Amino acid sequence: MSWVQTLAVVVHVLLAASIIGLVLLQRGKGADAGAGFGAGASGTVFGARGSGSFLSRTTAVLATLFFVTSLGLSYLFSQGKEETSVIDRVQPAQTAPAPAQVPALPPTDVLPSVPESTAPAGTPPPATAPVTQPAPAQ
C-alpha cells in the first residue's frame with residue numbers, strides 16, 4: 001500500500017469517528033420541549049439555537065468529505081497492480097515441448113498373413129518358446 005492510500009485511509013477513519021461524535025452530541029427532536037421552558041439553553045456556548053445549526057452544518061460538511069474520501073479510496077485501490085486472488089498468484093505451468101514425430105506404422109496389408117490354426121475354438125493358443133540372447137564373447 002502506498003503512502004497516498006495509507007493517508008486516505010487514516011483521513012477516512014478520522015472523518016468517520018468525527019461524524020459519530022457529532023451525531024452523538026446533537027440533541028434529538030424531543031429535547032426542544034424542555035428548552036421551551038428554559039431548561040438551561042441560554043447557558044450554552046452557542047446560545048439557545050446556535051448549537052443545533054452549527055453541529056448540523058459541521059455534520060453535513062464531514063458527511064460530504066466522508067463520501068468524497070470513500071470515492072477516492074475506491075479509485076485508489078482499484079488502480080493497484082497487486083494480484084488479489086490466489087489464482088492470479090499461481091504461475092502458469094511450463095508446457096512440455098511437443099513430442100517428436102513418431103513414424104507411421106506400415107499399412108496392415110503389407111504385413112505377412114498368419115495362417116489360421118486348425119485347433120478347436122475352446123483351446124488356448126500355442127505357447128511360443130522364449131527367445132534367448134547369446135552370451136557375450138569374452
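Every chain is numbered on its own, with residues counted from 1 as its sequence reads. Selection of residues for local features in this predicted model requires a pLDDT of at least 70, selection of side-chain atom pairs for listing and counting requires 80 or more, and totals for whole chains, interfaces and linings are taken over all residues. Derived side-chain values reflect all non-hydrogen atoms in the structure, with water molecules and hydrogen atoms excluded from consideration.

Caption draft 1: Inspection of the overall build of the protein chain at higher detail. Only DSSP runs of H or I covering at least 4 residues are called helices, and only runs of E covering at least 2 are called strands; the numbering of each starts at the N terminus. For the protein chain, the count of helices and strands is 4 helices and 0 strands. Start at the N end of the protein chain and walk to the C end: the helices and strands fall as α-α-α-α. Here the protein chain, with 138 residues, has 9% of them falling under the buried criterion. Only the protein chains shown count as cover for residues, and the accessible areas themselves come from Shrake-Rupley with a 1.4 Å probe. A total of about 12400 Å² of accessible surface is found on the protein chain, and carbon and sulfur atoms cover 67% of it. The cut-offs for exposure are 20% and 50% of the maximum accessible area for each residue type, with area from a 1.4 Å probe on protein chains only; residues under the lower value are buried, those over the upper are exposed, and the others partly exposed.

Caption draft 2: A look at the side chain of T69. Residue position: T69 is located in helix α3 (residues 47–78). Note on contacts: a residue pair qualifies if any of its non-hydrogen atoms lie within 4.5 Å across the two residues. Residues within four places of T69 in sequence aside, it is in contact with V11, H12 and L15.

Caption draft 3: Quick look at the nonpolar core. Grouped together as the largest cluster of nonpolar side chains are 5 residues: L15, I19, L22, L55 and L62. Those elements that place two or more of their residues in this core are α1 (3–25) and α3. Among the elements that make up this core, the one with the highest residue count is α1 (3 residues). Setting aside its immediate chain neighbours within four residues, L55 contacts L22, L25 and Q26. Within this scheme, the nonpolar core is defined by two criteria: the residues are buried Ala, Val, Leu, Ile, Met, Phe, Trp, Tyr or Cys, and they are joined through side-chain atoms within 4.5 Å.

Caption draft 4: Region of interest: the environment of L73. The residue L73 is located in helix α3 in this model. The class for L73 is buried, based on a relative accessible area of 12%. Counting along the chain gives 61 residues from L73 to H12, while the straight-line C-alpha distance between them is 8.6 Å. Apart from the residues lying within four places of it in its own chain, the contact partners of L73 are Q5, A8, V9 and H12.

Caption draft 5: Spatial organisation of the confidence of the model for the protein chain. Each residue carries a pLDDT score, the predictor's confidence in it, ranging from 0 to 100. Confidence along the protein chain averages 75 in pLDDT terms, with 59% of residues attaining 70 or more. Here helix α2 (residues 32–35) stands out as the least confident element of the protein chain, with mean pLDDT 58; α1 is the most confident, with 93.

Caption draft 6: Molecular detail of the packing of aromatic side chains. Classification of ring pairs rests on two measures: the distance between centres of Phe, Tyr or Trp rings, Trp counted by its six-membered ring, which must be within 6.5 Å, and the angle between planes, read as stacked under 30 degrees, edge-to-face over 60 and tilted in between. Tallied over the full model, the rule gives 1 aromatic pair. Between F66 and F67, the aromatic rings sit 6.3 Å apart at their centres with planes inclined by 70°, giving edge-to-face as the arrangement. Classification of F66 by relative accessible area gives partly exposed; the value is 24%. Given a relative accessible area of 56%, F67 falls into the exposed group.

Caption draft 7: Just the side chain of T59, in detail. Position of T59 relative to the elements: it lies in helix α3. Under the relative-accessibility criterion, T59 is labelled buried at 13%. A distance of 2.6 Å separates a polar side-chain atom of T59 from the backbone oxygen of L55. Under this definition, polar contacts are N or O atom pairs within 3.5 Å; protein pairs additionally need one hydrogen-donor-capable and one acceptor-capable atom, and for neighbouring residues in sequence, both atoms have to be side-chain atoms.

Caption draft 8: Spotlight on a nonpolar patch on the surface. Patch members must show over 30% relative accessible area and no salt bridge, and they are joined within 9 Å when carrying like charges or within 5 Å when they are nonpolar side chains of Val, Leu, Ile, Met, Phe, Trp or Tyr. A carboxyl oxygen of Asp or Glu within 4 Å of a side-chain nitrogen of Lys or Arg is what we treat as a salt bridge. Residues W3, V4, L7 and V11 make up a contiguous nonpolar surface patch of about 410 Å² in total accessible area. Within the secondary structure layout, W3 lies in helix α1.

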